[in-house]
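# Structural characterization, general
These are the residues of each chain, in order.
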Amino acid sequence: QYSTNVELSHTYKGFLTTTLNYSRTENFFTETFEQVDHATIVRNGNIGLRQNAGVSISAQINVKKWWSASLYGNYNYNRFKGELYGEAIHVEAPNLLFNVNNQFKFDKGWGGELSGFYRTKGIEGQIEIEPLGQMTAGISKQVMKGKEMRHRAVDTREAANHVECLPPARTQTAQLGRHADPAG
């Protein structure tokens, strides 16, 4: 596996960072799926060529004295081309990712957090990944004269992550998800 990577970043006034990137990998090895009769064989395989280009923007903002926010956005374009298990593979697709994190500071050692992310549909080798998102909210309280922090958080996930295999194992789909442990 050989990669050529180029990245250019710029930071404006210490709070806004923009990054452009490009990557080309030859003999790209990743997890692959091969359909043999009624069995699916999962193993590392050489897809061939992977190209990736993208742009990201991140910002650190102090909205108020008690509220700070981190914002991140990334546009990414992936292309995979080669031969896998005797069949041609040529897939390409864009992908967007947004991430927001808000931190709040209140009186008497209280604090809060509200964050979330959303990822649009995308590909990774033979895998097509459906949109995925999550939100998290939490509160915290400093105790023992600021020496310890107690916190509680809850999160929600937008449905289970759905992935589907692209040729040559197109017949395979899988539902991936995370479920909360009622005891935990």
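Structure: see above.
These lines cover the structure that appears in this document, whether it is placed above or below.

Criteria and cut-off values
Residues numbered from 1 in each chain as written. Predicted model: local features only at pLDDT ≥ 70, side-chain atom pairs only at ≥ 80, totals over all residues. Heavy atoms only, no water. Salt bridge = Lys/Arg side-chain N within 4 Å of Asp/Glu carboxyl O. Buried < 20%, exposed > 50% of the residue type's maximum accessible area, 1.4 Å probe, protein only. Helix = DSSP H or I, 4+ residues; strand = E, 2+ residues; numbered from the N terminus. Patch = residues over 30% accessible without salt bridge, like charges linked within 9 Å, V, L, I, M, F, W, Y side chains within 5 Å. Areas by Shrake-Rupley, 256 points an atom, 1.4 Å probe, with all protein chains shown as cover. Core = buried A, V, L, I, M, F, W, Y, C linked by side-chain atoms within 4.5 Å. Contact = heavy atoms within 4.5 Å. Phe/Tyr/Trp six-rings, centres within 6.5 Å; stacked < 30°, edge-to-face > 60°.

Tallied over the full model, the rule gives 5 salt bridges. With its nearest N and O atoms 3.4 Å apart, the salt bridge here joins R24 to E26. Given the relative accessible area of 31%, R24 is considered partly exposed. Measuring nitrogen to oxygen at the nearest pair gives 2.5 Å for the salt bridge that ties E34 to R43. With relative accessibility at 18%, the residue E34 sits in the buried group. By relative accessible area, R43 is classed as partly exposed at 35%. Linked by salt bridges that have partners in common, K121, E128 and E130 make up one network.

Peptide bonds are, in most cases, trans, and in most cases residues other than glycine have a negative phi. With a phi close to 55°, D37 is a non-glycine residue in the positive phi region. By the secondary structure assignment, D37 is in the loop between β2 (16-36) and β3 (39-64). Residues other than glycine seldom take positive phi values, yet Y85 does so here, at roughly 55°. Locating Y85 in the fold gives a position in the loop between β4 (67-84) and β5 (87-105). For Y85, a relative accessible area of 28% translates into the label partly exposed.

Moving on, we come to a nonpolar patch on the surface. A cluster of nonpolar side chains, namely Y12, F15, I61, V63, L71 and V100, defines an oily patch on the protein surface of about 440 Å² accessible area. Within the secondary structure, F15 sits in the loop between β1 (2-12) and β2. Looking at F15, the relative accessible area reads 32%, which means it is partly exposed.

Let us now look at the nonpolar core. Counting 8 residues, the largest nonpolar core is built from F28, I47, F80, L84, I89, V91, A93 and I123. Elements with a contribution of two residues or more to this core: β4 and β5. The dominant element in this core, judged by the number of residues it contributes, is β5, at 3 residues.

Turning to its location among the elements, S23 is positioned in strand β2. We classify S23 as buried; its relative accessible area is 12%. Apart from residues lying up to four places away in sequence, S23 is in contact with T4, N5, R50, Q51 and N52.

Attention now goes to the packing of aromatic side chains. Tallied over the full model, the rule gives 7 aromatic pairs. One aromatic cluster is present, built from ring pairs that chain together W66, W67, F104 and F106.

The next point concerns the environment of G82. With respect to the helices and strands, the residue G82 is situated in strand β4. For G82, a relative accessible area of 27% translates into the label partly exposed. Residues G82 and I47 lie 35 residues apart in sequence; the distance between their C-alpha atoms is 5.6 Å. Setting aside residues up to four positions removed in sequence, G82 forms contacts with I47, E87, A88 and I89.

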